[in-house]
Amino acid sequence: MERDLSFNRRHLLAGMAGLAVHGPAIATETLGKLMSEDSILELRQYTLRAGQRDTLISIFERNLIESQNALGAHVLGSFRDLDDPDRFVWIRGFADMQARQMALEAFYGGPVWHEHAKEANATMIDSDNVLLLRPAAPGLGFSRRSAPEDGAGAIIGATIHYLGSVDAAQFVAFFQNTIAAKLTAAGVQPIACLVTEESVNNFPRLPIREQRAFVWFARWRSPAQHAAFLSRFSAISGWRDAAPEAILPALMQKPERLRLAPTQRSALR
């Protein structure tokens, strides 16, 4: 039976019919439920021209959140990269791949993007650094618990392990059985664990990276708390010893770590 919140053509037409410049707002509790329902996610990292990040964030938060939410492209989080003043990072979710195609066709072919595309694109050098992802296992996607009401001063950390040809299921099993325990001991609880969605990109107008990845997200109360965690975690010895030989190639490369400060309207914070 079709889920009530799954995105289909009827929802698309209803959303487009009621869409004004800013679009109808989606209540926080509803967006939290949609986080739990979304099975396809994009981690988008934009490289911007000098001094343009706040300009893009202003355009984004005034015009491009509700307008996407209304069409089934849920803006789950938007962030300043604390290690790069010219990097804007955001996360977008969809019910499934069909919903992604329909929502992106509607949004990028619609009036809101048409009105604001030129000024938004003028801030960017590159917008193609995108990973297409899905929850690594049932229950490991973003959910209501990912978006607490009081996140003032907190940062979101994203750790990206590039898998190459390593089997994603084997890597996920090692993470859950070994790395997760080390994180728990260090006082960290991931809020989502995602792997590459290997379906063909069904909206090729927006490129995605071909690199296969495992990405886990967690929240820290402050950059200082995150730095303390990294210091403790990097001192742990021998955690790779129990890794199956088949996944070692993915562990030999140091992961990419993002320190992300939520913008004012980020649902994830």
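Refer to the structure above for everything that follows.
Report on the accompanying structure.

Calculation rules
- Residues numbered from 1 in each chain as written.
- Predicted model: local features only at pLDDT ≥ 70, side-chain atom pairs only at ≥ 80, totals over all residues.
- Heavy atoms only, no water.
- Helix = DSSP H or I, 4+ residues; strand = E, 2+ residues; numbered from the N terminus.
- Buried < 20%, exposed > 50% of the residue type's maximum accessible area, 1.4 Å probe, protein only.
- Contact = heavy atoms within 4.5 Å.
- 1 Å grid on protein atoms, 1.4 Å probe; cavity = no way out; pocket = protein on both sides within 12 Å on 5 of 7 lines; lining within 4 Å.
- Points joined across faces, edges and corners; volume = space filled by probe spheres on them.
- Nonpolar A, V, L, I, M, F, W, Y, C, P; charged D, E, K, R; others polar.
- Phe/Tyr/Trp six-rings, centres within 6.5 Å; stacked < 30°, edge-to-face > 60°.
- Axes fitted to C-alpha atoms, helices over the stretch in contact; angles between N-to-C directions.
- Parallel < 35°, antiparallel > 145°, perpendicular 65-115°, else oblique.
- Expected span 1.5 Å × (residues − 1).
- Polar contact = N/O pair within 3.5 Å; in protein donor to acceptor, adjacent residues only side chain to side chain.
- Arc of directions from axis to C-beta.
- Pairing = 2+ DSSP bridges.

### Thoughts on the environment of methionine 124
Reasoning step 1: Mapped onto the fold, methionine 124 is located in strand β4 (residues 124-135).
Reasoning step 2: For methionine 124, a relative accessible area of 11% translates into the label buried.
Reasoning step 3: Residues methionine 124 and glutamine 52 lie 72 residues apart in sequence; the distance between their C-alpha atoms is 7.9 Å.
Reasoning step 4: The residues touching methionine 124, leaving out its near neighbours within four places in the chain, are Tyr46, Thr47, Leu48, Arg49 and Leu56.

### With respect to the layout of surface pockets
Reasoning step 1: Put simply, the largest pocket is a space of about 340 Å³.
Reasoning step 2: As for the largest pocket, its lining consists of 16 residues, of which Phe233, Trp239, Arg240, Pro255 and Arg257 are closest to the centre.
Reasoning step 3: Elements with a minimum of two residues in the lining of the largest pocket: β5 (155-162), α7 (168-185) and α8 (223-234).
Reasoning step 4: Tallying contributions element by element places α8 first for the lining of the largest pocket, with 3 residues.
Reasoning step 5: Considering only residue class, the lining of the largest pocket consists of 9 nonpolar, 4 polar and 3 charged.

### Brief notes about the packing of aromatic side chains
Reasoning step 1: This structure, assessed with the given rule, holds 15 aromatic pairs.
Reasoning step 2: Among the aromatic residues, those joined into a cluster by ring pairs are Tyr46, Phe60, Phe88 and Trp90.

### Digging into the packing of helix α3 (residues 53-63) against helix α6 (residues 111-121)
To describe two helices that pack against each other, one gives the angle between their axes and the distance between the axes.
Reasoning step 1: The interhelical angle for the contact between α3 and α6, taken along N-to-C directions, is 170°, at an axis separation of 10 Å. In this view, α3 runs roughly antiparallel relative to α6, as classed from their interaxial angle. The segment α3 lies against α6, with Leu56, Ile59 and Asn63 engaging Val112, His116, Glu119 and Ala120.
Reasoning step 2: Grouping the constituent residues of the contact of α3 with α6 by class yields 4 nonpolar, 2 polar and 1 charged.

### Things to note about helix α5 (residues 97-108)
Reasoning step 1: Taking 1.5 Å as the rise per residue, α5 with 12 residues should run 16 Å; its terminal C-alpha atoms sit 16 Å apart, in good agreement.
Reasoning step 2: When you tally the buried positions in α5, you get 9 out of 12 residues, the bulk of the element.
Reasoning step 3: Those residues of α5 not exposed but buried are Met97, Ala99, Arg100, Met102, Ala103, Leu104, Ala106, Phe107 and Tyr108.
Reasoning step 4: At the N-terminal end of α5, a side-chain oxygen is found 3.2 Å from the backbone nitrogen of glutamine 98, two or three residues along, and the residue is aspartate 96.

### Overview of α8
Reasoning step 1: Spanning 12 residues, α8 covers 16 Å between terminal C-alpha atoms, matching the ideal 16 Å at 1.5 Å per step.
Reasoning step 2: Restricting attention to buried positions, one finds in α8 the residues His226, Phe229 and Phe233. Down the axis of α8, the sector holding all buried residues measures 60°, keeping them to one side.
Reasoning step 3: Where α8 is buried, its residues touch β5, α7, β7 (213-220) and β8 (256-262).

### What to know about the pairing of strand β6 (residues 192-196)
Reasoning step 1: With 5 of 5 residues buried, β6 lies mostly within the body of the structure.
Reasoning step 2: In this structure, β4 lies alongside β6, joined through 3 bridges in antiparallel fashion. Opposite leucine 133, over in β6, you have threonine 196 as the bridge partner.
Reasoning step 3: With 4 bridges joining them, β6 and β7 adopt antiparallel strand pairing. Each residue of the ladder has a partner; that of leucine 194, found in β7, is valine 215.

Keep in mind these values describe shape, not function.
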